[in-house]
Structures are given as C-alpha cells and as structure tokens.
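Coordinate inspection notes
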Amino acid sequence: MADQIPLRPVPRSAQRRAAYYTSASAAQRHNRYQVEDESSHLDEMPLMMSEEGFENDESDYHTLPRARVSQRKRGLEWFICGGWKFLCTSCCDWLLNICRRKKELKARTVWLGCPEKCEEKYPRNAIKNQKYNIFTFIPGVLYEQFKFFLNLYFLVVSCSQFVPALKIGYLYTYWAPLGFVLAVTVAREAVDEFRRYQRDKEMNSQLYSKLTVRGTVIGVVIYTGKETRSVMNTSNPKNKVGLLDLELNQLTKALFLALVALSIVMVTLQGFVGPWYRNLFRFLLLFSYIIPISLRVNLDMGKAAYGWMIMKDDNIPGTVVRTSTIPEELGRLVYLLTDKTGTLTQNEMIFKRLHLGTVSYGTDTMDEIQSHIISSYSQMHSQSSGNSTSSTPSRKAQSSAPKVRKSVSSRIHEAVKAIALCHNVTPVYESRTGVTAETEYAEVDQDFSDENRTYQASSPDEVALVQWTESVGLTLVNRDLTSMQLKTPGGQILTYCILQIFPFTSESKRMGIIVRDESTGEITFYMKGADVAMSTIVQYNDWLEEECGNMAREGLRTLVVAKKSLTEEQYQDFENRYNQAKLSIHDRALKVAAVVESLEREMELLCLTGVEDQLQADVRPTLEMLRNAGIKIWMLTGDKLETATCIAKSSHLVSRTQDVHIFRPVTNRGEAHLELNAFRRKHDCALVISGDSLEVCLKYYEHEFVELACQCPAVVCCRCSPTQKAHIVKLLQHHTGKRTCAIGDGGNDVSMIQAADCGIGIEGKEGKQASLAADFSITQFKHIGRLLMVHGRNSYKRSAALGQFVMHRGLIISTMQAVFSSVFYFASVPLYQGFLMVGYATIYTMFPVFSLVLDQDVKPEMALLYPELYKDLTKGRSLSFKTFFIWVLISIYQGGILMYGALLLFESEFVHVVAISFTALILTELLMVALTIRTWHWLMVVAEFLSLGCYVASLAFLNEYFGIGRVSFGAFLDVAFITTVTFLWKVSAITVVSCLPLYILKYLKRKFSPPSYSKLTS
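Residues numbered from 1 in each chain as written. Predicted model: local features only at pLDDT ≥ 70, side-chain atom pairs only at ≥ 80, totals over all residues. Heavy atoms only, no water.

Attention now moves to the pattern of salt bridges. By the definition in use, this model includes 31 salt bridges. The partner of Glu-470 in a salt bridge is Arg-453, and the shortest N-O contact between them spans 3.1 Å. One end of the pair, Glu-470, is in helix 16 (residues 460-471); the other, Arg-453, is in strand 6 (residues 453-456), with 17 residues separating them in the sequence. Exposure remark for Glu-470: the relative accessible area of 25% places this residue in the partly exposed category. As a salt-bridge pair, Asp-618 and Lys-782 come within 3.6 Å of each other at their nearest N and O atoms. Here Asp-618, found in the loop between strand 13 (604-615) and helix 21 (619-628), pairs with Lys-782, found in the loop between strand 20 (776-778) and helix 29 (783-823); they are 164 residues apart in sequence, far enough to count as distant. Since its relative accessible area comes to 30%, Lys-782 is described here as partly exposed. Through salt bridges with shared partners, a single ionic network connects Arg-188, Glu-189, Asp-245, Arg-296, Asp-300, Lys-303 and Glu-328. (Salt bridge = Lys/Arg side-chain N within 4 Å of Asp/Glu carboxyl O. Helix = DSSP H or I, 4+ residues; strand = E, 2+ residues; numbered from the N terminus. Buried < 20%, exposed > 50% of the residue type's maximum accessible area, 1.4 Å probe, protein only.)

Quick look at unusual backbone geometry now. Note: most peptide bonds trans; most residues except glycine with negative phi. The phi torsion at Lys-509 lies on the positive side, around 60°, for a residue other than glycine. Assignment of secondary structure puts Lys-509 in the loop between strand 9 (493-502) and strand 10 (510-517). Phi is positive for Asp-587, close to 55°, though the residue is something other than glycine.

With that settled, consider the packing of aromatic side chains. Tallying each qualifying case throughout the model produces 19 aromatic pairs. Aromatic side chains Tyr-153 and Phe-256 sit 5.7 Å apart centroid to centroid with 70° between the ring planes, which places their arrangement in the edge-to-face category. Residue Tyr-153 is found in helix 5 (residues 149-160), and its partner Phe-256 is found in helix 8 (residues 243-270); the two are separated by 103 residues along the sequence. Residue Phe-256 is classed as partly exposed on the basis of its relative accessible area of 27%. Taken together, a centroid distance of 6.5 Å and an interplanar angle of 90° make the contact between Phe-663 and Phe-705 edge-to-face. Here the residue Phe-663 occupies a position in the loop between strand 15 (660-662) and helix 23 (669-680), and Phe-705 occupies one in helix 25 (residues 702-709), the gap between them amounting to 42 residues. Phe-705 sits in the buried class, given a relative accessible area of 3%. An aromatic cluster is defined as three or more aromatic residues linked by ring pairs; in this entry it consists of Phe-502, Phe-525, Tyr-571, Phe-574 and Tyr-578. (Phe/Tyr/Trp six-rings, centres within 6.5 Å; stacked < 30°, edge-to-face > 60°.)

One can describe the packing of helix 35 (residues 913-932) onto helix 39 (residues 981-1008) by two numbers: an axis separation of 9 Å at closest approach and a directional angle of 30°. When the interaxial angle is binned, helix 35 and helix 39 end up roughly parallel. The handedness of the crossing between helix 35 and helix 39 comes out as right-handed. In this structure, helix 35 uses Ile-916, Thr-919, Ala-920, Leu-923, Thr-924, Leu-927, Met-928, Ala-930, Leu-931 and Thr-932 to contact helix 39, whose residues at the interface are Phe-983, Val-987, Ile-990, Thr-991, Ser-994, Cys-995, Leu-998, Tyr-999 and Lys-1002. Here the residues of the contact of helix 35 with helix 39 are counted per class, giving 13 nonpolar, five polar and one charged. (Axes fitted to C-alpha atoms, helices over the stretch in contact; angles between N-to-C directions. Parallel < 35°, antiparallel > 145°, perpendicular 65-115°, else oblique. Left-handed = near helix turned anticlockwise from the far one by under 90°. Contact = heavy atoms within 4.5 Å. Nonpolar A, V, L, I, M, F, W, Y, C, P; charged D, E, K, R; others polar.)

Below, the structure is given as structure tokens:
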C-alpha cells in the first residue's frame, strides 16, 4: 500500500507553517499528498495579494507574485541588533527545558481496591498558578531583572568600583541604589507570588470541601494534577514584559551609545595622554548617570501604584491585579480576543423554544405545554387506577377531540419525558438543622420540597432543560447511580431504573441513556445531541436542518432529542455485546463505540430544543466603545457557526448594516485558494470562519490569511479548540507586532489568556481557573471598558512621562559634569561627591518626580465619553525616539545653562560653584516637574515643598559636601554666603533662564497646536 502512495515534496512554506499544528494521521497524510498532486499548479499560480489584479479580472486564480515574508538576515548586523540576546535566551530556554524535562508517557495499570499494589506516583491534584518555587524564586527574579540592559549595565558599573584604579567616589553611591532597586523588585515579586499562593490555597480548599461535603466519592483515579487534560491543554505561566519596558530598554541602549561617544570625545580632547584606556573607563563611570538606575525602581513603584488604584476603583468592584508588571499594556491594545459563553454571555441558560416539527412553542405559549402535560398524566393516572367509570369519559373525551390535537398532546408528553430523563443532572437538597440529606430521603414530604431543591450538572444547558421540565409539571426529585424519580403534576412518583448511560464527549457530540419504567417494564433508549451528530441517527425528516438554522440565527443553542423503544431481548443482546466490548484488551474504545452505534439507527425524532444564553449587562455599549477606540475584536468560540454569528450580531460585535462573509468549509489547498480569493474581493466586512477551515488556510496560506483577516473590522472563529485559540493569539503577535489582549472565563480559555500580551479573566460560572491564571481579573465584561479607557490610558501616559523625566534628570547632571570636566582640562574628577549624588535622585527630587503617577490629561468621564482618544495611545506617541530626542535637547540646554551660568556669574566666588550650581539644579528640577504636570493633585504640592524643605535643611547639615572638588580644593560652604541677596538673585536668574523658555514654548504649543484632548478638557 505504501508503495502505491505518490510521494511528492511538500513546499518549504508548508513545512514551516506545519510547526503550528499537530501531525496528521496516516490517512490524512495520504490525502494531503494527493491534494498536493491535484493542486501542484498553485505553486505557479499563487494567491493574489494586491488590489490592481482584481480590476477587469473575474478569474479565481491570479498569477501575480506572492507576498513574501522577509527572512531574518544572519551575520554581524543581526548579532549586534539583538542576535546576542536571542542566543542567550535560547541557551537559557534550553537549560530550563533540561530541568523541566517532561515525564515520558506510557501505559498505566490501575489496581481497583488494592492501593498498595499501585507503583505509580500521582502528581498532586491541586491548582497551581505560581511562577516560582522556594528554590527558583531568587535566581528567577534576578534573571528577569538582569536580562534588561539597564540593570545589567549598573551591575557591571558597581562591580568596577572594586578596582582601585577605576574607583570614583564611595561604593555606596553605586551599590546602595542598585541594592534598593533589587530589593523593591524582589519584594514586589514576592508579594505577587504570595498572593498567587494564597489564592491557589483558597481554591484548593474550596474544591476539597465540595468533594467531601456529602457522603463519599466513589471512583477510579487515572490522572491527577498536571497529567489531567485541562492542565495539559495549558502552558506554563510566563513572565510578561510590557511594550513600554521594551521601549525604555531600547532608549537606555541609545543612552549607552551616547555615553560611550561622550567618553571617547573627552579622551580625544585630552590627547590620549598617559593610560588613556583607564581614563576612558573613568569617564564612562563619571558619566554613568546618563543611564539612571532609579528608572527601574520609579517605574516599578509606579506600576504598584497603578495596580492599587485599579483595585480601589469603586466603578469596577472586584477587579484584581494579579500581574503588577504590565498595567501600561492596558493602554496599548490593538486586538481583543474574547470567548463567547460566559464572557459576552452570562452562561445562564433559559429554555426558549420547543419544536415538534409541525408546531413550535415559545416562552409565551409554555402554558399550553403545561396544560398538555397535566392532561396527559391525569389520564394516565386514571387509567392505571383500574376504575372503569373514570376511564370511560376519558376515552370519550379523547375520541371527541381532533386527531391532530391528540397527536400533538402525546408528542409533547413524550418530548418532555425524554428531556426530563436524558441528562446527567442530580437534584440536591440542603441539610436542615439536625436533619441530614440521607434522612430527608426517608420521608416523602421532606424529600420533594421545591424550595429546598437545587440542581447540579456538568453543564448549565442540562440544568436549564431540567428546570424547564419542572416548570411545565414534570419534576426530577431524586437520582442515584441506578435509578431516577420524576414527580408528575398530580404528585405521583414515577421511578425509572438506569440501565446504561453514555456520557457526552466532544468527539461524539451527544449523550444517551437507557432506562426501564418500573411501573410498566418498558425499556427506552433516549439520546440528545448536536444536530450535526443526530441528523444521521434519526429517521428521515424534512424540517430538522431548517429549524436548527432558524434557531441558531436567533442565537439559541439547539439540541435534538430522539428515542428508541427496546424489547427485553434486544436489550439483553445489547448488554451482552456491550459488556464483552468493555472487557476487550485491544481497541476497547472502538469496539464499545461500535456496539453503541448499533443502537443509534432509525431513532424516532421527538423534538428540537432551543436554549438562550443571555448577554451580559452592557455588552453592546462596551463593544461599541472598544470598536470606536480602534480595538479590533475577534470572537473565538467552540459553538456552531450559526449560533456564533447570531451572538456576534446581537451583541453588536458585528453591526446590523455590516456585511458578513461566511468562509465556506475547505478541506484542501485548492479549496482554500479559491475561497481566499473570493474573500479578497470583499471590503469592510466581518469574517466568520470555522476552526477546521482556519487550520487548512493557516497550513498553506498563513501570511496571506492573517493579512486579510487583520483588515476586517471583526472576526468570528467558531468550533475553536483551546489550542487553536492560543495559536491565533501567537499568529497575531507574530505577523502584526501589535499588542493583544485575551479575555475568557473558563479553563479552555487559559492557554489563550497566557499567550496574550495582556490576559483578563472573568470570574464566571465555569469556575475561577481563567481568573486565577489571568493578569487582571474582573467580575463583568463591561468593566473592561473603564479598565482600558481610563486605567490603561493613565498607566501608559504616567509611566511614559515618569520614565522620560527620570532620564532627563540623569542627562542634565551628566551634561553639567561634562561642562565641568571640559573647563578643568578634561580631568575625570566628579563634580558632586558622595551623598549629593545619592540625595539628588532620592530625597531632593524623588517625591515630586514620583508624584507624576497622579497626573492625568483627561478626566475619566471624558475618556469614556470619547473612546476615540484611545487610538493615539496605540501609536506610541507619548514615548518615542522623537519625544526622547526632545528631552535630550532640553537636558543639554538646561545643563549647559546651569553650569556655564554658575561659572559666569560667580567668577569671584568660584569655590562656591558646587553649592550654586546644585541649588539651581534642584530648583530647575522642581520647576520642570510643575511644567510637566497637567492636572494638579494636593499630594503634588506637598511633594514639591517637602523636597525644597529637605534641600534647604541639608545646606546647613551637609555643608562639607558642597565644596568644589572637596578633596582637591578643600573648600567648604559658607552659610552666611548663601543668605546674601546676591546669591539668591543670581541663582534665581540662572534658574529662570533655564526654565522660562520652556514655559513659553509650552504655552505657544498649547495655543497653536493643542493636543486632541485639550479641546475636551476646556
């Protein structure tokens, strides 16, 4: 057979793209080779990706060159521009993979009732969302910090101070700031990790209490912990790095190049005399404040403040920040990938429609069903009593009624009974004071108390169906492993023996149950499932497919219900074959499925049910707000195409007037080629595609498909698996380079949430697994609007301003050092000694600079009213090389003015140049903070005056540090000198010259070129 398969080489593009997907079976591989043979001409006739080719051309194939993805060049340029980091990261990942080598999967023997014979060690069956353990915490945190160029640079600089020839100043001036930065970072990570540990411990306790609250649990444990399917579908939590941190890391590299260039210039102007290489390194250390070490600690403290503000916002109660390192990401999002059930919808199912083929019942006609059920069971009760006088009128009543009415009544009775029996729901009765659940079952009066009954099931759909049967008169009152009891409208208890049950699986898409009526002995096989699975099982009909489509278009989740009556002989034959199949050693699953399928033939179609999953509160205005903000929304769901399309329209994810392109099912490359070309002709339309078709398109036309899909205002992917959801997130990140956000509420959304740049979890009815694994946890979908528009905006704007101001603070003092060294014959002597350098970045300016985390350019109400303002944030204009260059020019101007002004105006008192220039520097920094602030807060005013007071006090207590070149000149500060009018007006003059032009420029810019938000604030 293998010799007959025509093996042909697969194109390289297909080989590369296949890495995203699991390998196909042998049969699938055989089909793929045949497809390659049939569509081999597609290599010469590639997919058209430009507009011009569609003019005056109606053919499906186009011969223009295919869009190519530029390949990364390897070489010296690649190594310098980031290759070294890629190689280091690859080595670290390789070491981690060696340490985390997965256990080899093999067959497992489970001993029933003999735990002492079990040789397998099961993993702990506990939820764990922690990133580190007690051994990996310190190494992991240090690695995450020193992989940034900024921290690595200062580690090298600090270590260089142990070399006597390179020592400049005191060790604490370098190691104290670095130690403080690392201490803050380690403390923040420790707090986040401890919170994760507490949340995991709380959830594990809740799960354990739920298992042990009633009786004992009987079952066989096969897989636990990390070996379970849900955990294996998720990836390990990763340390996410925000885009702003990456941008600042690039800017610090630019500052390092400027530092090296400045040092080389100084050594060159010296004339390379003496040990010039040592002087070069000393200049590198002398100007090291160009790269401010306080940048990281200010940003980290700012992130902690943003997280606290988010959790304290009364407008979004219950919001939890689980990852405190990426709040700025909330203001940079371009793509939002959302789940449907439980995220856009409430995951609260309400029974809406019952269709019998010839008649349909909605919410307004449910009373008719109830009357039919009451009538039907009253007749059954009267007939079973054996009273001939009571049975005769009922026969007359039946004969006098129209035949159609009689037929419909019996069909309703059968349909409702099937829905009440075919499920996995268990009624639960809460224990009363002094009464246990077991004793409640002893007395009928207490057993079926409606107000004390709740239903438990694996799916809310199941509960909705059983609750509906209760509302129309047929109530599930008791269930155990072998029997089920229903209560009729008249209070009669009907007992059914459960003979077999076939659970729902994602592969079969249906469930079945075989029951025996204890009163009549009738054996019936009931089955319900998705229409795609049931359409080939039920008897021929001409209405099922059409009505399923109609209900799906209304946004209803459909289930097809059918039955088959069995004789005792038929059931005994089935049971013998079923038990024999279950005892098979080889191909057990296939043999069991084959036996069950022998029953699934020519089943009687009873009804079609429609259940509605209601939208969450304010979903429509929230989605409209996000769309106006320029965020493209993709809905990824496991539901069928029609239901997903309807929910997309009802939630206004897709507007009513917008065209929707439903991507036809494709199975091979040729079909994908034709359909993509058809889709290419559409403009400004939403895309709806199934998971199977998506996989085919990505296998052969990954780049082209993503390029087309990203142009759509909205995309709906239905029948998506959890792995596919995560792949879509990674594809968007890889092909667009834009920031992605994923939001979901269930365990099947965890992979998508962890893969996205920003993951948001909703605490829903499917548990807290998504919420615990997410970076941010919210209680309702509508809260995402304020989270992004208000807190995302503020976090990004504040961090951008804070980061650039901290860099300005380092640049200005480095400029003054450069001027000072050039005046003193390019000597590598520090201008400011010891505590002055430490105090400059801490007590003198830290509070005013850090108060920028309270600044805001737009009020929250305006940010929500005009979401279009969010579009500017995604362009990254608040922090760019342009704004960075402007701050560099400002720093050079002010540093030059301060130093040259001090040297010019104080020629006669040259020994006081340190006190003069440093005083003007502090005043300039305080005024620049005031210039940067857009909305004043009372804490900002306190910070300004507090810093000024600290500096004035230090003039008296730290006067030994204010001598120029303290070691060389031995000059000290004269307290009487700084109180003179001459000192005050000259310092004021220098400060005014350094700041006044900037105030004038700011005024002119606001007047003639105001920002977009200024019109709203005015």
